[in-house]
Amino acid sequence: MLVAGHFGPAFCRIVSISDLLSIQLFRDAGHFWPALLNMSTSAPCKVPPCLLAMLLAGCATYRFSIPAYPLHPPAPALDRFTAGAARTEITPPPGIPMGGHGPAGRIARGYWTRLYARSFYFDDGRGHRLALVSAELFAIPAGLHAKVLASVNRRQRLLPEELVLAATHTHHGPANFASAEIYNSFAGPLPKVDLVLLDFLAAQIAAAIVDSIADAQAHAALPHELRFYQGSAPGIQRNRAIAPFFANPEPLRAGILGHSRSLGASCPDGTTQGCPRYLAVDPELRLIQVLRQGQPRALLLFFAVHPTSITHDADLYSGDLAGIACATLENDRAPVAGFFNGAEGDISPDWLAQDRDDAIRLASRLTTSAAALLDRGAFQADPNPLVEVRRKTVPNNWRDTDGIGFASKPMAGAAEFGGAEDGRTIFYNYGWRAEARKPAPEGEHGVKEPALDGPVSSAVESFDANSLAKAVKVVQPARFLSPRIFPALVPVTWARLGAFTLAAIPVEATTAAGWTIRQVTRADIILGLANEYIGYTTSAPEYQAQQYEGASTLLGPGQAAGLARLLVLAAAGRGDPPSGNTVPARTFLAGPLRKNPFGPETLLVRRRRNMVDEDLEPLLPRRLRRLEARIPRFDWDEDPAGDWHTNARQVSIYTNENGAWREKETDRGLNFLTVLAEASRTTRRYTALWIPPDSPPATFLFRVRTTTGKELCSQPFALAEIPPVAPVPPVPPAECPPGVPAPNPSRD
C-alpha cells in the first residue's frame, strides 16, 4: 500500500529450490545464451547468480498456528436488547515500520496522536450477537483476527462469525504484523513479521472487545436504543483514479455522479461542472448512535475515504483524519466513537499539502457533518433491533458453478509497485506503471503484466544491464512465486442491525466496485478492510486499465463480482455453517521471521539526530514551520520495561493561573509530538514538543508520568525565555512545585 495503496509481492516463495536450480534458459530456437551465462553450449544453462540471489532473498518462511480451543462458556442469556462499547489504546513503541506507504514509509520515532481500538457489542436478547470493532491500523490480517478471537474467548464468549474487525486504514500505524508474506514484505519500509507486535495488537484489541461485552452485560437492565442516521459529508473526498473510473459503463458512471451531486458534492469553487474527480465519489455518511437510558453511549461512523491526509514523510504514529474525528466526537458526542471505512479504494482526502493542518481541517469537516446530522434529529429509532450475522469463507481461487469468482492464482500487477496516482514511488520511474500492461488480454488476468516480469526486465535494462534484462525476460520470475505468499482464504460477512445491513469485505473497493456490490447485495453500507486484507477490488473495466488499483486487485477481473456473489449467498443463508463449541485450529504462513523484534533499539531510531525537530515539519502547524525556537520541549528518561506500555505514559502542560497550577492539555490531544530522542539497552530518552497556542504570556511547566509510573516535572518557563539557538535546548528538569496536581486520569 503505497501512499494510500498497497505494495506488491515478495521476491521469494519459490516453488522448489531444486527445481529453480535446474531451470534452463533457451533462445527462441532452443539455443543457450553462452555469452550471458559464460557457460558452454554443451552444458545446461542455469540461472545467473545475481538473478538467483534476487529471487531467493529471504525465502525462509515462518508458520504460526493457533490451536483449536473451546469457546468460553456462555453468560446468562439476556431477555432484551443491550449494547456495550469500549476503547483501548494500541500505540506500540517507536522503532516499528509504519504500514501503508510501503517502502516509502518511515520507521516510527514516536506519536502525534495515540492509536486506538474501539469495540461496539450488540446482543438482541434472542441469542444473536455482533461485535463491530474499528482499529487504527492499515489493515486487519486474518491471523490478527484469529488471535483476537482466541484471546476474547479466554474471558468472554464470542463466535468467529460474530466478530467483524475492521481497519480505519491509517497509514501511520505499525506494519509487519500480517499473516501473509506479501504484506510483511512490502506494506512497510522493512520486511519480516514481528510476532511480539502481533501479540501486542491482538491482546489490546481483545481487551476492547471484552470490555465492551462486559459493559453491555453490566447495564443489561437499562433500556438501550439504536438510532440510524443517513446524510452526507461533502468536501472531504476526491477520486485519485479518474481515468479508470471513466472506463466504466456510462449508466454506472451517471448513477454515481448523480448520487454524489444529490448529496452535496461539488467542485472546489462551489460549482458542479468540470471537476469529475470531486464528483466521482460517494459522500454518503451513515451514523449509528447507541443510547443507554436515553443518553449517548456510542457512535459509529460509516464513510469512505483514505486516511492519508498526512504525508509518508511524517515519522510519528497517528490515526490521521479518522482518528482525529473520533477523538473530537468523543469529547462531546459519545464516550466512544468509531470510524468504519467504506469503498475508499480510489478515494483520497482532499489534501493540499498532506500535513497536520490538512488532517485537522478534513477531520473537522467530518465531525461537523456528523454533528449536524445528529442535531438535525432525522433518524430511525429501534429499541429492540434484531441482530443477524452470516459469514462465508472460501479459498482465494473460488468460483461459483456459473463461473463467477476468482482467478485460479493471485497475481500482483506492474503498477502496484509504482503507487497510486497521487502517491508515486520511486519504482514508478523505472517502469512499474500502467503502461507496462500486456498489449492484448492473456489468460485469466487479462492485460495484467506480472510485477516481477516486464518491469523488472525494463528496470534492469535501464541500468545498462542488458544481459541480465534478457535473462529476466526468459526466466519470467513471476512463474516461480508460490500462491502461498498471498492470503489463502476470502471471508465476507453480511450483518443486520434492525433495518440496517452491512456487507463486510476484506478489500479496498473502488467507488464503482463498491456501488455495484451495494446494488447487488442491497446492503446499506460497504465495510471494507474487514477480517482479512487482500488488496484492492476494482470493477472489471477498471481492472483492464491496470492502474494502481487494478494492478492491486489480486484475484482477477471478476473479483468484485465474486465478492458480491459471496455476500448474496451468505445473506441467503448459504454461507458457513454455524460455529460449534470448538474453534478449529488455524495456521498462517507469515514469511520470514524477524529475529530481533522492532522497537526503540531499531538502528534507524536509536541514534540521536542533530536536532530532534528533523523531519517533524509535516506535523507542525504551518505557522510554526522552521520556527523551532518557539516550540518548547522537555527531555526525560524511561526504563525499557515500559516499552510496550505507551498507554501508561502521559505528558501534560500546566499553566499557572492566579497562583495555582492547572492542567492545560495533554498528549491525548493534538498539540504534543512525543519523540524517541535516543535509546540504548538500558535507557530510552524521550522528548516532548509542545505546540503552544497563540495566547497571552503565561508561565507553564511540563509534567510527565512515565510508562513505569515515575512523575517528573520541568522548571516553570515562559515562551519568551526559549533561547533562539539550534538545537533548541529542552526546558531543564526540576522538582514538581508544591500544588501541582497529579495528571487528570479522565483524560487517559
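Residues numbered from 1 in each chain as written. Predicted model: local features only at pLDDT ≥ 70, side-chain atom pairs only at ≥ 80, totals over all residues. Heavy atoms only, no water.

(A) A look at the environment of D576. Positionally, D576 belongs in the loop between α18 (559–571) and β23 (582–583). The exposure class assigned to D576 is partly exposed, which follows from its relative accessible area of 23%. On a C-alpha basis, the gap between D576 and E161 in space is 8.8 Å, while along the polypeptide they are 415 residues apart. Aside from chain neighbours lying at most four places away, what touches D576 is R391, K392 and T393. Within the structure, the side chain of D576 is placed 2.9 Å from the backbone nitrogen of T393, a separation counted as a polar contact. (Helix = DSSP H or I, 4+ residues; strand = E, 2+ residues; numbered from the N terminus. Buried < 20%, exposed > 50% of the residue type's maximum accessible area, 1.4 Å probe, protein only. Contact = heavy atoms within 4.5 Å. Polar contact = N/O pair within 3.5 Å; in protein donor to acceptor, adjacent residues only side chain to side chain.)

(B) Region of the structure containing α18. With 13 residues, α18 extends 18 Å between its outermost C-alpha atoms, agreeing within 8% with the 18 Å of an ideal straight helix rising 1.5 Å per residue. Of the residues making up α18, those classed as buried are Q559, A560, G562, L563, A564, L566, L567, L569 and A570. Looking at the packing, one finds that the buried side of α18 touches β17 (387–395), β18 (489–497), β19 (500–504), α15 (511–521) and β22 (536–537). In the segment just after α18, G573 is the residue with positive phi, at about 85 degrees. (Expected span 1.5 Å × (residues − 1).)

(C) Just unusual backbone geometry, in detail. Going from A726 to P727, the amide bond is cis rather than trans, its omega being -5 degrees. With respect to the element layout, P727 can be found in the loop between β31 (711–714) and β32 (733–734). The backbone of H169 shows a phi angle near 85 degrees, a positive value even though the residue is not glycine. Relative to the assigned elements, H169 resides in the loop between β8 (163–167) and β9 (173–174). Phi at Q293 is positive, roughly 55 degrees, even though this residue is not glycine. With respect to the secondary-structure elements, Q293 resides in the loop between β12 (284–292) and β13 (295–303). A residue is classified by how much of its surface remains accessible, and Q293, at 52% relative accessible area, is exposed.

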